Amino acid sequence: MTVMHLAQLNIAHMRAPKDSPELADFVAALDPVNRLADEAPGFVWRLAGDGPEDVAEHDYGDHLVINFSLWESRDALWDFVYRSAHLGVMQRRREWFLRSAEPYTVMWWVPEGYIPALEEGMERLELLKAEGPTPRAFTFKDFYDSSEAAWRPAAAEARK
């Protein structure tokens, strides 16, 4: 049986440029929260940025910040998001980011050792927007167990 990891992607559009006074508290929290994630039980990998604040900003426009990571389980990710110092930062997200009427976070299962490309994550987010939650793209609220995703192509590739 293939061991599966939980991939998660979330995006946010900043209300102002990263170096603006409006985002100073967010930028100051980046390094401590990223260190917390890196040291969290069940953490596997995350997309890292190039600057000292280590925020992954990519050319999708509109001051888009991307958080993309892999976790050993739903519980490991849940504990980091809702039972660590990350929660305090997340509770202030409306101060720093524009509201979105569309899904801005998505999860899916990948085989252990597989690192999905950012483009795959963005495709999964679009899939969630288009089809709603499925074993291929889901959320904490509408969660699918890894056994429901074992048929995915990435899992088949890992078995070869």
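Below or above, wherever it landed, is the structure these notes cover. Bear in mind that the values here come from a model prediction, so they are computed numbers and not experimental data. (Residues numbered from 1 in each chain as written. Predicted model: local features only at pLDDT ≥ 70, side-chain atom pairs only at ≥ 80, totals over all residues. Heavy atoms only, no water.)

Side note on the packing of aromatic side chains
Phase 1: Under the defined criterion, the tally for this structure stands at 12 aromatic pairs.
Phase 2: Their ring planes at 75° and their centres at 5.4 Å tell us that Phe43 and Trp71 sit as a pair that is edge-to-face. Placement of the pair is Phe43 in strand β2 (residues 43-46) and Trp71 in strand β4 (residues 64-71), with a sequence separation of 28 residues.
Phase 3: Look at Phe43 and you get buried, because its relative accessible area is 18%.
Phase 4: You can call Trp71 buried: its relative accessible area is 1%.
Phase 5: Each ring, one from Trp109 and one from Phe143, has its centre 6.0 Å from the other, and the planes form 80°; the classification is edge-to-face. On the criterion of sequence distance, the pair formed by Trp109 in strand β5 (residues 105-111) and Phe143 in the loop between α5 (118-131) and α6 (153-159) is long-range, its members being 34 residues apart.
Phase 6: For Trp109, a relative accessible area of 6% corresponds to the buried category. (Phe/Tyr/Trp six-rings, centres within 6.5 Å; stacked < 30°, edge-to-face > 60°. Helix = DSSP H or I, 4+ residues; strand = E, 2+ residues; numbered from the N terminus. Buried < 20%, exposed > 50% of the residue type's maximum accessible area, 1.4 Å probe, protein only.)

Examining α5
Phase 1: Taking 1.5 Å of rise per residue, the 14 residues of α5 would be expected to cover 20 Å, and the 20 Å separating its terminal C-alpha atoms lies within 8% of that figure.
Phase 2: Regarding α5, the residues found buried are Leu118, Glu120, Gly121, Met122, Arg124, Leu125, Leu127 and Leu128.
Phase 3: Buried residues along α5 sit in contact with β1 (4-13), β4 and β5.
Phase 4: Backbone geometry just downstream of α5 places Gly132 in the positive-phi region, at approximately 80°. (Expected span 1.5 Å × (residues − 1). Contact = heavy atoms within 4.5 Å.)

Things to note about helix α1 (residues 24-39)
Quick reminder: α-helices carry 3.6 residues per turn. Residues three or four places apart thus point the same way.
Phase 1: Here α1 spans 24 Å end to end across 16 residues, near enough to the 22 Å set by a 1.5 Å rise per residue.
Phase 2: By the largest-angle criterion, Leu30 marks the main kink of α1, which is about 35°, and a proline, Pro32, follows within four residues.
Phase 3: Here α1 has its buried residues at Phe26, Val27, Ala29, Leu30, Val33, Asn34 and Ala37.
Phase 4: On its buried side, α1 packs onto β2, β4, α2 (74-82), α3 (86-90) and α4 (93-96). (Bend = angle between axes of the 7 residues up to and from the residue.)

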